[in-house]
Amino acid sequence: MGPGVSFFVCIYDCKGSLIIPDSMAEFPAISKILNLFLNISFLFLIFLCLTHPFNSSGSSFLGRSKTGRKRDSGAGCGQLHEYSDREAKCWYVKSHEGCQNGGYIDYLQLFYCNFDPVLGYSALIIWLVVLFYLLGNTAANYFCSSLEGLSRILKLSPNVAGITLLSLGNGAPDLFSSIVSFMSDETSEVGLNSILGGAFFVSSVVVGIISVFVCHSRVSVEMSSFIRDIVFFLIALACLLVIIAMGKINLWGAISYFCVYFVYALFVSTSHLCCRREELLGDSNAAASSGSPILPVSRNFLGYQTELGRAAEEEEPLLGFASDDDKPTLQEEEEALLPERKRRRKCLDLEPSTSSHMFVCRLLFFLELPLYLPRRLTIPVITAEKWSKPFAVISVTIAPVLLAIVWDSHSSKLSWLVYLIGGLAGAISGVVAFFTTETSNPPTKWQFPWLAGGFLMSITWTYITAEELISLLASLGSILGIRYSILGLTVLAWGNSIGDLVSNVSMAVNGGEEGAQVAISGCYAGPIFNTLVGLGLPLAFKAWSEYPAYYLIPKDTSEYETMGFLMGGLLWAIVIVPKRNMKLDRYLGGGLLAIYLCFLSLRIARALVPV
């Protein structure tokens, strides 16, 4: 069955230990309904595209031109609103290279040439929601599961895996959205503003809501980790502020900025090891509980109900074990969880008591396929719950072909050699998978190629989705006459931060004092990763393309305003919380929410009022 809406959130406790929190898991029916709504909406969009004929012969809004893929950064599509009627605008977007959005769908042509305004806006908004779903769901259900398996194969400790692989999994949507946006000079401000907007939203709105919700419980957070995270966050923003003020950066500068995250990771690891040594010396019983998660492991947003009161010994750290002797294999772990997972596979929590139930379940299954099947047929999965030999053979056969298609779509000329290599690699992989795997069980040997393949294809799908999402936002900016930076700061930042909002607030409200500590740590650890890695990698790629020259960062004075408000919120938190004896209360929450609302009102007012 198709996966529900999922977000993977991995954060750290006050001592640097990796914690995988439970998220909103009380409403399985809502998850199913939301999943069905998105799939039906996708089918509705396909129906609209098939039933609305093109306005010109030989013109299609699907596919991308080999010669006109990149935008004309000089002209752009700025004269679009100088035309009054839709026919003139349709002619303009089809005849000007600057209006080509760079994605797989030409949204401007679709909006102006095929749909009326109401239907056009409805279709684009629905598709925007679907893309956000695909971005988060692919990272949660495929990307993170591959990372978990790789961490086991590579025998990484929980702390090392958390600050490397799982941080990458948690920040994948923001990271790939940023990389895609920096590929075009015209949309580079989308990536920068989406990272800053997401960091501002999480560190102000999410922390503010958590503080308001838990103020009656009078919970407190651990001082050293709270100050550590905020100080490193301020250091990261200060480095970014210097880069923006200079207006340019070379390859070594971008690499140095990116490596600041590893300094933070090293500091977290060192503090974690020191804390564990103190615990081992002070209390021998602390060692047995230091590696256990505060809440049961779950990656499903709006998934199934879990009990917070389970005994800690029933739960294992996602990427860690008490000792190497007790360490089960990947297959043993998955098989142990399989009965419980099968129990959760009831459609809308209905008991299989009538024949109508089977009909409903089969209908729901087929309705969930449109968004589920393409990824399932191209991403290798070897977990016991999802294991299927036909899917496995087909996925390793089609995956190289999909890689060839993506490679060719970013090339200026058609290369048959790429398709030949992809086809041969797929055929060989499919034959090997067919003769070396069993029907009933996933492979127990040579798991690394399977996990690496799943990791690569998850990246591919995340990149494709992020590329289309950025293209859609750029088109919406052209249609509405709104700057791309505003859309990145609001729509893209909010969409990528919904998982943090739901998971962290749920953790703080339901997890007591320890849950609040984990949630607050996550509200700062995630933005630190996105600010340093989510911006550092794209800057390094762009500087590499310009090497040995400098990469010129597009000037946008509003970025100083965003960073000023963001740093103001961090300074408010680092001053108020210690004065309130490290308590999370309404003073902290109200102040953070007020800062964010003032900033948002100012930016919206400037966007609506012409200068």
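Given the structure is predicted, the values throughout are model-derived calculations rather than measurements.

S.K.: Help me understand the state of the cysteines in this model?
M.R.: Simply put, the disulfide is a covalent bond whose two ends are the sulfur atoms of two cysteines. Counting across every chain of the model gives 1 disulfide. Between the sulfur of cysteine 90 and that of cysteine 113 lies a disulfide, 1.9 Å long from S to S. Its S-S torsion of approximately 115 degrees makes the covalent link between cysteine 90 and cysteine 113 right-handed. Of this pair, cysteine 90 sits in helix H2 (residues 86-95) while cysteine 113 sits in helix H3 (residues 107-114), and the two are 23 residues apart along the sequence. Neither residue differs from the other here; cysteine 90 and cysteine 113 are each classed as buried.

S.K.: I'm lost on unusual backbone geometry in this one. Help?
M.R.: When glycine is set aside, most residues are seen to have a negative phi, and most peptide bonds are trans. Going from tyrosine 547 to proline 548, the amide bond is cis rather than trans, its omega being 5 degrees. With respect to the helices and strands, the residue proline 548 is situated in the loop between helix H18 (512-546) and strand E4 (551-552). Look at tryptophan 446: it is not a glycine, yet its phi comes out positive at around 55 degrees. Counting through the fold element by element, tryptophan 446 comes out in the loop between helix H15 (416-436) and helix H16 (447-480). Its identity as a non-glycine residue notwithstanding, asparagine 581 has a phi of 60 degrees, on the positive side. Using a relative accessible area of 60% as the deciding quantity, one classes asparagine 581 as exposed.

S.K.: Looking at this structure, I do not really get the packing of aromatic side chains. What am I missing?
M.R.: For the structure shown, the criterion picks out 18 aromatic pairs. With a centroid separation of 4.9 Å and 90 degrees between ring planes, the pair formed by phenylalanine 111 and tyrosine 112 is classed as edge-to-face. Ring plane angle 70 degrees and centroid distance 4.9 Å describe the contact between phenylalanine 111 and tyrosine 121, whose orientation is recorded as edge-to-face. You can see phenylalanine 111 sitting in helix H3 and its partner tyrosine 121 sitting in helix H4 (residues 117-153), a full 10 residues away along the chain.

S.K.: So what exactly am I meant to see when it comes to H15 here?
M.R.: Since one α-helical turn is 3.6 residues long, residues separated by three or four positions face the same way. Its 21 residues give H15 an end-to-end C-alpha distance of 30 Å, which sits within 8% of 30 Å, the value for a rise of 1.5 Å per residue. Residues of H15 that are buried include every one of Val418, Gly422, Gly426, Gly430 and Ala433, and no others. Seen along its axis, H15 keeps its buried residues to an arc of 90 degrees; they face one direction. Facing away from the buried side of H15 by more than 90 degrees, the exposed set consists of Trp416, Leu417, Ile421, Leu424, Ile428, Phe435 and Thr436. Structurally, H15 contributes buried residues whose contacts are with helix H14 (389-409) and H16.

S.K.: How do you make sense of a nonpolar patch on the surface when you look at a structure like this?
M.R.: A contiguous nonpolar patch, built from Leu417, Leu420, Ile421, Leu424, Ile428 and Val432 and spanning about 600 Å² of accessible area, is present on the exposed surface. Taking the relative accessible area as the measure of exposure, valine 432 reaches 46% and is therefore partly exposed.

S.K.: Teacher, can you tell me more about the nonpolar core here?
M.R.: Across soluble globular proteins, nonpolar side chains have a tendency to be buried as a group. The biggest cluster of nonpolar side chains holds 72 residues, and the ones touching the most others in it are Ile210, Phe226, Tyr524 and Leu584. Listed by contribution, the elements that provide at least two residues to this core are helix H6 (172-182), helix H7 (188-213), helix H8 (223-246), helix H9 (251-282), helix H17 (484-510), H18, helix H19 (558-579) and helix H20 (586-608). Once residues lying within four places of it in the same chain are set aside, the contact partners of tyrosine 524 are Ser203, Val207, Phe226, Asp229, Ile230, Phe233, Leu570 and Ala573. Counting residues in each nonpolar core, the second largest holds 49 residues, with Leu45, Leu124, Val130 and Leu492 among its members.

S.K.: I would appreciate a short explanation of the confidence of the model for the protein in the present structure.
M.R.: Regions with low pLDDT should not have their predicted coordinates read in detail. Per-residue pLDDT for the protein has a mean of 74; in total, 72% of the residues score no lower than 70. A low-confidence stretch, residues 65-75 (pLDDT under 50), is modelled with 30 contacts involving residues beyond four sequence positions or located in other chains. Note on residues 284-327: pLDDT under 50 across the span, and 92 contacts to partners over four residues away in sequence or across chains.

Conventions adopted
Residues numbered from 1 in each chain as written. Predicted model: local features only at pLDDT ≥ 70, side-chain atom pairs only at ≥ 80, totals over all residues. Heavy atoms only, no water. Disulfide = S-S within 2.5 Å. Helix = DSSP H or I, 4+ residues; strand = E, 2+ residues; numbered from the N terminus. Buried < 20%, exposed > 50% of the residue type's maximum accessible area, 1.4 Å probe, protein only. Phe/Tyr/Trp six-rings, centres within 6.5 Å; stacked < 30°, edge-to-face > 60°. Expected span 1.5 Å × (residues − 1). Arc of directions from axis to C-beta. Contact = heavy atoms within 4.5 Å. Patch = residues over 30% accessible without salt bridge, like charges linked within 9 Å, V, L, I, M, F, W, Y side chains within 5 Å. Areas by Shrake-Rupley, 256 points an atom, 1.4 Å probe, with all protein chains shown as cover. Salt bridge = Lys/Arg side-chain N within 4 Å of Asp/Glu carboxyl O. Core = buried A, V, L, I, M, F, W, Y, C linked by side-chain atoms within 4.5 Å. pLDDT = per-residue confidence, 0-100.

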